Amino acid sequence: MGEEPQASLLHCRHIILATGAQERPFPIPGWTLPGVITAGAGQILLKTSGVVPEGRTVLAGGGPLLYLLAYQYLNAGVKLDAILETTASSQWLQALPHAWNFLRSPYLGKGLTLMRAVRKAVPIVSGVTALEALAGENGQLAEVRYTAGGQSRSMAVDQLLLHQGVVPNTNLSRAVGAEHAWNDLQDCWEPVVDAWGATSVPQLSIAGDGAGIAGAMAAEHRGRIAAVHVAAAVGRIDTAARDREAAPHQAALARATRGREFLEVLYRPAAQFRRPVGDTIVCRCEEATAEQVRHAARIGCQGPNQMKAFLRCGMGPCQGRFCGLTVTELIADEQQRHPRDVGYYRLRFPTKPVTLGGNRHAAADPGIARGGRAFQEVRGEGQLSGTDGQLTNVLRQPSRRRTRRRTAMRYGATQLESEHRRRQASGHIEAPPAPKVPQRSSAAATS
Ligand SMILES: Cc1cc2nc3c(=O)[nH]c(=O)nc-3n(C[C@H](O)[C@H](O)[C@H](O)COP(=O)(O)OP(=O)(O)OC[C@H]3O[C@@H](n4cnc5c(N)ncnc54)[C@H](O)[C@@H]3O)c2cc1C
């Protein structure tokens, strides 16, 4: 173990966030069992520590990363028992109009090589519409149950790796109050940026996948474009030099993003895997289930922020990374609203848990000592506070205070619920109109 990371304040005239992507949550029954991890986690273990799965191993879901990991495992000598592919055959037809650009894209050659190798070595079950991980007597993953072609089957497994694409990591851009918009094609939030990566917050730009998923090659060019823009904004170069410097990267960016629509349409995750039902855990930190979230939405919870008061979703150590998109989509589903109108969690610093020890030095800084206001105050002067790329300025609360607040919030939610029922029964408020039957798949129905 290395030394504990120390927080410090960094004062600067402009910040470019480049927080990259994170995996989209894949909330199926049993996804919290020991033995179930994401494909991204599997790849990190492989790349950083040379750790590979042992025993019967199954990959499930869809998207390029799933096949890339399968290819990397095969090259590392790992035997894969199956890939359960959730991409429906109808999605190939939907993606067809974008095929011409994809055929001219840099992804084609690489993609074909690895798909060919994986298909030769691993049994692939196509058109999976339902997935469930089941525990054995020891509480660990023992079986994966799936539906394909209308038939339900199961396999004994030791390791299950799930993946259904990546989405922008927006925790920092949200915490500083940048405007975000819902991307209908990718079913996720992304910060609103202009062609230079500038956001709605003055002196804050975003580059790379954190500004919208476009891949590693595009990320590099977006970083350079944002950098020359900032150089011009702070007076280091004039706009003519900025435009000259940016031109080759703008052209390279256009080449790097060619063909993305094909992948986005082809690998768009099916609704039943984004909008779970029943006892499936949605918020892993607070163990809130899909039905609890749906129930809160049915009795009038207006959005993810009020959901915090009902169920504490999004208030655990992951700060919504695992549940945020699902909560937005479940509320939208129950209330027949567009996710854009439902909104997202209002996020607070710190974006990741920090220890008091880690804040030892920074706490002495007057900016940090003022807590959550530090960012707002320096922003007005054209400066932002941060710690080696991580903006953070709030110390963790002592646990007793957290516990008291948690109890108060649960109590508040219960009160709200019973008050709502009482007023409905007494005719003070109308019962909400019966929701239209939400789209639920056979996966949801069987889970
Ligand atoms: C799990 C996973 C696996 C992937 N595997 C591949 C692959 O094999 N091949 C491929 O081409 N693409 C892969 N991608 C996509 C790839 O990550 C991106 O296209 C590319 O890396 C984007 O570059 P970037 O500079 O935007 O972000 P990144 O290269 O991801 O860099 C973002 C950096 O920001 C840091 N960061 C994030 N939040 C904070 C914070 N709050 N405080 C401090 N630092 C923070 C991260 O630790 C990271 O170092 C993967 C994506 C994911 C999520």
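No experiment lies behind these values; they were computed from the predicted model shown.

**Some words on the overall build of the protein**
Consideration 1: Looking only at helices and strands, the protein has 18 helices and 16 strands in total.
Consideration 2: Here the protein holds 447 residues, and 49% of them are scored as buried.
Consideration 3: For the protein, contacts bridging at least 24 residues in sequence account for 69% of all contacts bridging at least 6.
Consideration 4: Accessible area for the protein stands at about 22000 Å²; split by element, carbon and sulfur atoms hold 53% of it.

**Here's the deal with the confidence of the model for the protein**
Consideration 1: Averaged over all residues, the pLDDT of the protein equals 84, while 81% of them reach at least 70.
Consideration 2: Long-range and interchain partners of residues 371-417, a stretch whose pLDDT sits below 50, account for 84 contacts in this model, where long-range means more than four residues apart.

**Details of the side chain of D187**
Consideration 1: With respect to the secondary-structure elements, D187 resides in the loop between strand 12 (180-183) and strand 13 (188-191).
Consideration 2: Owing to a relative accessible area of 3%, D187 belongs among the buried residues under this scheme.
Consideration 3: Polar contacts involving the side chain of D187 include one to the side chain of R268, which spans 2.6 Å.
Consideration 4: With residues near it in sequence (within four places) discarded, D187 still touches R24, W182, R268, R274, L325 and E329.

**Structural notes on the site of the ligand**
Consideration 1: As a matter of local geometry, the ligand sits amid 20 residues, with A18, Q43, L68, D209 and A216 nearest to it.
Consideration 2: The contact in question runs from a nitrogen atom of the ligand to an N or O atom on the side chain of N169, over 3.5 Å.
Consideration 3: Between the ligand and T351 there is a distance of 3.5 Å, counted from a nitrogen atom to a side-chain nitrogen or oxygen.
Consideration 4: Contact with the protein chains covers 63% of the free accessible surface of the ligand, which is 980 Å².
Consideration 5: Elements with a minimum of two residues in the shell around the ligand: strand 2 (21-23), helix 1 (39-49), helix 2 (64-75) and helix 7 (216-233).
Consideration 6: Sorting elements by how many residues they give to the shell around the ligand places helix 1 first, with three residues.
Consideration 7: In terms of residue class, the shell around the ligand is built from eight nonpolar, ten polar and two charged.
Consideration 8: Counting contributing residues, the shell around the ligand receives three or more from each of domain 1 (25-164) and domain 2 (168-266).

**With respect to unusual backbone geometry**
Consideration 1: A cis amide bond, omega 0°, links F349 with the succeeding residue P350.
Consideration 2: Here Q203, not a glycine, exhibits a phi torsion of approximately 65°, which is positive.
Consideration 3: According to the relative accessible area criterion, Q203 is partly exposed, its value standing at 30%.
Consideration 4: Look at Q319: it is not a glycine, yet its phi comes out positive at around 50°.
Consideration 5: Mapped onto the fold, Q319 is located in the loop between helix 12 (304-311) and helix 13 (324-335).
Consideration 6: The exposure class of Q319 is buried, given its relative accessible area of 15%.

**Some points on helix 5 (residues 107-121)**
Since the α-helix advances by 3.6 residues per turn, residues separated by three or four positions end up pointing in the same direction.
Consideration 1: Given a rise of 1.5 Å per residue, 15 residues ought to cover 21 Å, and the 21 Å separating the end C-alpha atoms of helix 5 matches this to within 8%.
Consideration 2: Every buried residue belonging to helix 5 is among Y107, L114, M115 and V118, and all of these are buried. In a view along the axis of helix 5, the buried residues occupy a sector of 105°, so they form one face of it. Of the exposed residues in helix 5, the ones pointing more than 90 degrees away from its buried face are R116 and K120.
Consideration 3: In this fold, the buried residues of helix 5 make contact with helix 2, strand 5 (82-85), helix 4 (99-103), helix 8 (239-257) and helix 9 (260-266).

**Considering the sheet that holds strand 7 (residues 128-135)**
Consideration 1: Strand order across the open sheet formed by three strands is 7-8-9, with antiparallel pairing between neighbours. The two strands at the open ends of the sheet, each matched to only one other strand, are strand 7 and strand 9 (151-156). Geometrically, the sheet is characterised by an average inter-axis angle of 20° between neighbouring strands, direction not taken into account.
Consideration 2: Two elements, strand 7 and strand 8 (residues 141-148), share seven bridges in a ladder whose sense is antiparallel. The residue of strand 8 that forms the bridge with A135 is L141.

**Details of the nonpolar core**
Consideration 1: Counting 27 residues, the largest nonpolar core has M307, F310, L311, C313, C323, V327 and Y345 as its most contacted members.
Consideration 2: The set of elements that each furnish at least two residues to this core consists of strand 13, strand 15 (281-283), helix 11 (290-298), helix 12 and helix 13.
Consideration 3: When residues in this core are grouped by element, the largest group, five residues, is from helix 13.
Consideration 4: Taken domain by domain, the makeup of this core includes at least three residues from each of domain 2 (168-266) and domain 3 (271-347 + 397-446).
Consideration 5: Beyond its immediate sequence surroundings of up to four residues, M307 is in contact with V293, A296, A297, C301, R312, C313, V327 and I331.

The rules we used
- Residues numbered from 1 in each chain as written.
- Predicted model: local features only at pLDDT ≥ 70, side-chain atom pairs only at ≥ 80, totals over all residues.
- Heavy atoms only, no water.
- Helix = DSSP H or I, 4+ residues; strand = E, 2+ residues; numbered from the N terminus.
- Buried < 20%, exposed > 50% of the residue type's maximum accessible area, 1.4 Å probe, protein only.
- Contact = heavy atoms within 4.5 Å.
- Areas by Shrake-Rupley, 256 points an atom, 1.4 Å probe, with all protein chains shown as cover.
- pLDDT = per-residue confidence, 0-100.
- Polar contact = N/O pair within 3.5 Å; in protein donor to acceptor, adjacent residues only side chain to side chain.
- Near = heavy atom within 4 Å.
- Nonpolar A, V, L, I, M, F, W, Y, C, P; charged D, E, K, R; others polar.
- Domains from an automatic or database assignment.
- Expected span 1.5 Å × (residues − 1).
- Arc of directions from axis to C-beta.
- Pairing = 2+ DSSP bridges.
- Axes fitted to C-alpha atoms, helices over the stretch in contact; angles between N-to-C directions.
- Core = buried A, V, L, I, M, F, W, Y, C linked by side-chain atoms within 4.5 Å.

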